[in-house]
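Report on the structure
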Amino acid sequence: MATVSYAARDSRTMLRRNLKKALRYPSLTLTVVIMPVMMLLLFNYVFGSALGAGISGLPTGSGDYIDYVAPGIILMAATSGALTTAISVCVDKTEGIVNRFRTMPISRASFLTGHVVGGVIQTMTSITLVIGVALLMGFRPSATPVEWVAAIGLLTLLTFALTWLSAGIGLVAKNPETASNIPMPLTFMPFIGSAIVPPESMPAGLRWFAENQPFTPVIETLRGLWLGTEIGSSAAIGLAWCAALSLVGYLWARRTFRTGAKR
């Protein structure tokens, strides 16, 4: 029990440290918000009429493309949040703070736990702001309070998984620039899914990838929860992907931190 207590205390200390850094240097958090908002504005107001005309039976039946695209762009805020943790961890590594923590009498788990929990809090704050912008633009979910809780819970699980992956990326990246570039494919993978258009409209090979990549079942589950479309097996598949990514990210980040990342 004493070991668990010390680990929890050290993790809280690391969490406070990371949240204070985020408040002092808010540019990364703002970037996580700005990119999805820009995409939301672009696809709704510039491409919305053309893309929406080709989608039969938009979720709410209102004919508004914003109802189709908003869940995918909101999920993009979760993928964009991976950048902040990767950069933050890499900065600590390149400045020698990681090596210093290894020599101190603190829980080895606390460094990564502080970064991951802090990253989840930052990203979920950004997701909340993006949801607010989507609502101002005309996004009209018909979800009940329970469905809202389920949707936010799913986004939190996905954010948790991606944050562990990004922590591992930050430990192996040689510099913050590299740490910011490696997670970029994660940021744009929702576009090669059902975020912007249905996979059915894509060529055969691309359609197969779009239907079987991790983010499509999560997007379809969010649409079902918020807009009442059919979820089917998407929820179970999306949760399985979140669990698998969380486990892989956790094991990778822990192993890399314990063995020492190459600089």
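Moving on, we get to the overall build of the protein. Each helix and strand counted, the protein has twelve helices and zero strands in total. Counting from the amino terminus, the protein carries its helices and strands in the arrangement α-α-α-α-α-α-α-α-α-α-α-α. Looking at the protein residue by residue over its 263 residues, the buried ones come to 48%. Accessible surface computed for the protein: about 12,500 Å², of which carbon and sulfur atoms make up 67%.

Two elements in contact, helix H7 (residues 145-172) and helix H12 (residues 234-259), have axes whose closest approach is 8 Å; the angle formed by their N-to-C orientations is 25 degrees. Accordingly, the angle class assigned to the pair H7 and H12 is roughly parallel. In this structure, H7 meets H12 at a crossing whose hand is left-handed. Contact residues: H7 offers Leu154, Leu157, Leu158, Phe160, Ala161, Trp164, Leu165, Ala167, Gly168, Ile169, Leu171 and Val172, while H12 offers Leu239, Cys242, Leu245, Ser246, Val248, Gly249, Tyr250, Trp252, Ala253, Thr256 and Phe257. By residue class, the composition of the contact of H7 with H12 is 19 nonpolar, four polar and no charged.

A few words now on the pattern of salt bridges. This structure, assessed with the given rule, holds two salt bridges. Residue Arg207 pairs with Glu211 through a salt bridge whose shortest N-O separation is 2.9 Å. You can see Arg207 and its partner Glu211 sitting in helix H10 (residues 204-212), four residues apart, about one turn around the helix. Judged by relative accessible area, Arg207 falls into the partly exposed class, the value being 33%. Glu211 sits in the partly exposed class, given a relative accessible area of 37%.

As a further point, take the confidence of the model for the protein. Counting all residues, the mean pLDDT for the protein is 83, and 86% of those residues have values of 70 or more. Within the protein, the element-level pLDDT minimum falls on helix H5 (residues 97-103), averaging 68, and the maximum on helix H11 (residues 215-227), averaging 94.

Here we take up the side chain of Ser246. Checked against the element boundaries, Ser246 lands in helix H12. At 2.8 Å, the side chain of Ser246 forms a polar contact with the backbone oxygen of Cys242. Discounting chain neighbours no more than four positions away, the residues touching Ser246 are Leu157, Phe160, Ala161 and Trp164.

Bringing H12 into the picture now. Helix length check: H12, at 26 residues, gives a terminal C-alpha distance of 37 Å against a target of 38 Å (1.5 Å per residue), a fit within 8%. Among all positions of H12, only Ser234, Gly238, Cys242, Leu245, Ser246, Gly249, Ala253, Thr256 and Phe257 are buried.

Turning next to H11. If you check H11, its first and last C-alpha atoms are 18 Å apart, about what 13 residues at 1.5 Å a residue would give, namely 18 Å. Most of H11 is tucked away, with twelve of its 13 residues classed as buried. One or two residues past the end of H11 sits Gly228, with phi positive at roughly 80 degrees.

Turning to the packing of aromatic side chains, a few remarks are in order. Centre-to-centre distance and the angle between the planes together describe a pair of aromatic rings. Under the definition given, this model contains seven aromatic pairs. In this structure an aromatic cluster arises from ring pairing among Phe43, Phe188 and Phe191. Positioned above the aromatic ring of Tyr68, the side-chain terminus of Arg223 is 3.7 Å from the ring centre.

In this section: a positive patch on the surface. Taken together, the side chains of Arg12, Arg16, Lys20 and Arg24 define a basic patch exposed on the protein surface. Mapped onto the elements, Arg12 comes out in helix H1 (residues 2-24). Look at Arg12 and you get partly exposed, because its relative accessible area is 48%.

Parameters and conventions
Residues numbered from 1 in each chain as written. Predicted model: local features only at pLDDT ≥ 70, side-chain atom pairs only at ≥ 80, totals over all residues. Heavy atoms only, no water. Helix = DSSP H or I, 4+ residues; strand = E, 2+ residues; numbered from the N terminus. Buried < 20%, exposed > 50% of the residue type's maximum accessible area, 1.4 Å probe, protein only. Areas by Shrake-Rupley, 256 points an atom, 1.4 Å probe, with all protein chains shown as cover. Axes fitted to C-alpha atoms, helices over the stretch in contact; angles between N-to-C directions. Parallel < 35°, antiparallel > 145°, perpendicular 65-115°, else oblique. Left-handed = near helix turned anticlockwise from the far one by under 90°. Contact = heavy atoms within 4.5 Å. Nonpolar A, V, L, I, M, F, W, Y, C, P; charged D, E, K, R; others polar. Salt bridge = Lys/Arg side-chain N within 4 Å of Asp/Glu carboxyl O. pLDDT = per-residue confidence, 0-100. Polar contact = N/O pair within 3.5 Å; in protein donor to acceptor, adjacent residues only side chain to side chain. Expected span 1.5 Å × (residues − 1). Phe/Tyr/Trp six-rings, centres within 6.5 Å; stacked < 30°, edge-to-face > 60°. Lys NZ or Arg CZ within 6 Å of the ring centre and 35° of its normal. Patch = residues over 30% accessible without salt bridge, like charges linked within 9 Å, V, L, I, M, F, W, Y side chains within 5 Å. Lys, Arg positive; Asp, Glu negative; His and termini not counted. Charge placed at Lys NZ, Arg CZ, Asp CG, Glu CD.

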